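Architecture at a glance
So you can see what is in the structure, the chains are spelled out below.
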Amino acid sequence: MGYTIIYVPDVAATVEFYERAFGLQRRFVHESGLYAEMATGETTLSFAGESMAELNGVAIRPNSRSELCAGFEICLVTEAPEQGYSQAVEAGALALKAVEAKPWGQRVGYVRDINGCLVEICSPMAG
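Keep in mind the model is a prediction, meaning the values are calculated, not measured.

In this section: the environment of asparagine 115. With respect to the helices, strands and loops of the structure, asparagine 115 is situated in the loop between strand S7 (107–112) and strand S8 (118–122). According to the relative accessible area criterion, asparagine 115 is buried, its value standing at 6%. Between the alpha carbons of asparagine 115 and methionine 52 there is a distance of 16 Å; along the sequence they are 63 residues apart. Beyond its immediate chain neighbours, meaning those up to four positions away, asparagine 115 contacts Val8, Pro9, Thr14, Asn63, Ser64 and Arg65. Separated by 3.1 Å, the side chains of asparagine 115 and threonine 14 make a polar contact.

Right under this line is the structure:
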């Protein structure tokens, strides 16, 4: 998989939020301000302005914090999910479910970003 693009109303604000909330770094921001990539390893997390969908000839349902989460999540893995969860909430993420131990040994919590996207913050899978 090459990359994931999430359409957002404000690319710059989203990039700044992901830097503060999750410690990610921007890899590329297009001069138009309508597209940006975060440095996330082999698979790139990208944000595009909602107007880009229309320019590409597709219709989207915009993400919203006041609506149910869309049927996808961004999963960020860290050795310290409790700390990551707290940092995200302090940066403006909406707390959904505090980090808890799962039966398979992973620690998992959920927040919503400034656009209403579901973000899982979890420990690595054992083994």
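Moving on to the packing of aromatic side chains. Applying the stated criterion across every chain yields a total of five aromatic pairs. Arranged with centres 6.2 Å apart and planes meeting at 55 degrees, the rings of phenylalanine 28 and tyrosine 35 form a pair that is tilted. An aromatic cluster is present here, built from Phe17, Tyr18, Phe22 and Phe47 joined pairwise through their rings.

Now for the side chain of glutamate 37. Structurally, glutamate 37 is set in strand S3 (residues 35–39). For glutamate 37, a relative accessible area of 17% translates into the label buried. Once you skip the residues sitting within four places of it in the chain, glutamate 37 turns out to touch Arg26, Arg27, Phe28, Thr44, Leu45 and Ser46.

Note on sheets: strands pair through backbone hydrogen bonds, and any given pair is parallel or antiparallel. The four strands are arranged S5-S8-S7-S6 in an open sheet whose pairing can be described as mixed. The sheet is open, and its two edges are formed by strand S5 (73–77) and strand S6 (94–101), each paired on a single side. Ignoring strand direction, the axes of neighbouring strands in this sheet form an average angle of 15 degrees. Across five bridges, S5 lies against S8 in parallel orientation. Across the sheet, residue leucine 76 finds its bridge partner in S8, namely isoleucine 121. Across the sheet, helix H3 (residues 81–90) touches S6, S7 and S8, and the angle it forms with S6 is around 175 degrees.

Counting residues in each nonpolar core, the largest one holds 24 residues, and the members touching the most others are Tyr18, Phe22, Phe47, Val111 and Val119. Contributing elements (two or more residues each) for this core: strand S1 (3–8), helix H1 (11–22), S3, strand S4 (44–49), S5, H3 and S8. For this core, the leading source of residues is H1, giving six residues.

Before going further, it helps to spend a moment on the pairing of S6. Both S6 and S7 contribute to a ladder of five bridges, which runs antiparallel. In the strand pairing of S7, glutamate 100 is matched with valine 108. Between S6 and S7, which pair antiparallel one after the other, the connecting turn spans five residues, and glycine 105 there sits at a positive phi close to 100 degrees.

Reading guide: rules and limits
Residues numbered from 1 in each chain as written. Predicted model: local features only at pLDDT ≥ 70, side-chain atom pairs only at ≥ 80, totals over all residues. Heavy atoms only, no water. Helix = DSSP H or I, 4+ residues; strand = E, 2+ residues; numbered from the N terminus. Buried < 20%, exposed > 50% of the residue type's maximum accessible area, 1.4 Å probe, protein only. Contact = heavy atoms within 4.5 Å. Polar contact = N/O pair within 3.5 Å; in protein donor to acceptor, adjacent residues only side chain to side chain. Phe/Tyr/Trp six-rings, centres within 6.5 Å; stacked < 30°, edge-to-face > 60°. Pairing = 2+ DSSP bridges. Axes fitted to C-alpha atoms, helices over the stretch in contact; angles between N-to-C directions. Core = buried A, V, L, I, M, F, W, Y, C linked by side-chain atoms within 4.5 Å.

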